[in-house]
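Fold and geometry: a report
Residues per chain are reported as follows:
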Amino acid sequence: MKKIESRVGYGDVSEGYRIMKEKFVGIRLAEKSKADRLRYMKRLIREIEPEILVIDGIVDMVENYNDMQECSRFVDFLMKIRDKYNCTILYVLHTAKTTGQSRGHLGTEMDNKSEVVLKTELVEGELNETKLTTVKNRECKKFDPFNFCQVESPFPYINKCKL
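Keep in mind the model is a prediction, meaning the values are calculated, not measured.

With that settled, the discussion passes to the pairing of strand β3 (residues 116-122). Taken together, the seven bridges between β3 and strand β4 (residues 129-137) define a ladder with antiparallel strand orientation. Each residue of the ladder has a partner; that of Thr 120, found in β4, is Leu 132. Hairpin connection, β3 to β4: the antiparallel pair is bridged by six residues, and Gly 125 has positive phi, about 85 degrees.

This is how it looks when you write it as structure tokens:
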């Protein structure tokens, strides 16, 4: 396993960075087949018992993100992981280019099961600036959208952007 050593952190940057380097494990699954990715992820989850699971590119975990049965099985699997390990699951799902909506049946199922859905989009005309918006929040009211950017640091900052 390869530890990810940049672009993660919280609180005091130096202390947060040190803690994350020690506790954060990133796994690259791109070279594996989709079926192997899921098997590998299941094995790893049993071994590590994560408190937080981040899946960047969730459509890459299924063969067909429009197959209702396959997507339902995968979402059920994630819900079991959430419940068994009391695990927070964060995922990245790129929206459809034509509609801006979540992609396929997988996107719909994930949106339905998610506690919070956030949307990021690049701010037109602004280099390295991103807008974060709440699409859904079950537990409390949506927060006001805000922009953030990355300037001279691997960590994003809100106060460096024009708001």
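What follows picks up the thread again.
Let us now look at the confidence of the model for the protein. Confidence in the prediction for the protein averages 80 pLDDT; 79% of positions are at 70 or higher. When pLDDT is averaged over each helix and strand of the protein, the minimum, 57, is found for helix α1 (residues 13-23) and the maximum, 94, for helix α3 (residues 68-85). In this model residues 1-13 is a low-confidence stretch, pLDDT under 50, and it forms 30 contacts with partners more than four residues away in sequence or in other chains.

For the rest of this paragraph, the subject is the packing of aromatic side chains. All told, the structure shown has three aromatic pairs when counted by the stated rule. Arranged with centres 6.2 Å apart and planes meeting at 35 degrees, the rings of Phe 74 and Phe 77 form a pair that is tilted. One end of the pair, Phe 74, and the other, Phe 77, are both in helix α3, three residues apart, so they sit about a helical turn from each other. We classify Phe 74 as buried; its relative accessible area is 3%. Here the aromatic residues Phe 143, Phe 146 and Phe 148 are joined through ring pairs into a cluster of three or more. Residue placement shows Lys 32 over the ring face of Tyr 40; its charged tip is 4.8 Å from the ring centre.

In this section: the packing of helix α2 (residues 34-48) against α3. In a packed pair of helices, the relevant descriptors are the angle between the two axes and the axis-to-axis distance. Taken N-terminus to C-terminus, the directions of α2 and α3 make an angle of 10 degrees; their axes are 12 Å apart at the nearest point. When the interaxial angle is binned, α2 and α3 end up roughly parallel. On the side of α2, the interface is formed by Leu 38, Met 41, Lys 42, Ile 45 and Arg 46, while α3 contributes Phe 74, Phe 77, Leu 78, Ile 81 and Tyr 85. The class makeup of the residues in the contact of α2 with α3 is eight nonpolar, no polar and two charged.

In terms of strand pairing, β4 meets strand β5 (residues 146-149) through four bridges, oriented antiparallel. Each residue of the ladder has a partner; that of Thr 130, found in β5, is Phe 148.

Further remarks concern a nonpolar patch on the surface. Nonpolar side chains collect at one region of the surface, where Ile 52, Val 54 and Leu 90 lie side by side and expose about 270 Å² of accessible area between them. When you line up the elements, Ile 52 lands in strand β1 (residues 52-56). When its relative accessible area of 54% is taken as the criterion, Ile 52 is described as exposed.

What counts and what doesn't
Residues numbered from 1 in each chain as written. Predicted model: local features only at pLDDT ≥ 70, side-chain atom pairs only at ≥ 80, totals over all residues. Heavy atoms only, no water. Pairing = 2+ DSSP bridges. Helix = DSSP H or I, 4+ residues; strand = E, 2+ residues; numbered from the N terminus. pLDDT = per-residue confidence, 0-100. Contact = heavy atoms within 4.5 Å. Phe/Tyr/Trp six-rings, centres within 6.5 Å; stacked < 30°, edge-to-face > 60°. Buried < 20%, exposed > 50% of the residue type's maximum accessible area, 1.4 Å probe, protein only. Lys NZ or Arg CZ within 6 Å of the ring centre and 35° of its normal. Axes fitted to C-alpha atoms, helices over the stretch in contact; angles between N-to-C directions. Parallel < 35°, antiparallel > 145°, perpendicular 65-115°, else oblique. Nonpolar A, V, L, I, M, F, W, Y, C, P; charged D, E, K, R; others polar. Patch = residues over 30% accessible without salt bridge, like charges linked within 9 Å, V, L, I, M, F, W, Y side chains within 5 Å. Areas by Shrake-Rupley, 256 points an atom, 1.4 Å probe, with all protein chains shown as cover. Salt bridge = Lys/Arg side-chain N within 4 Å of Asp/Glu carboxyl O.

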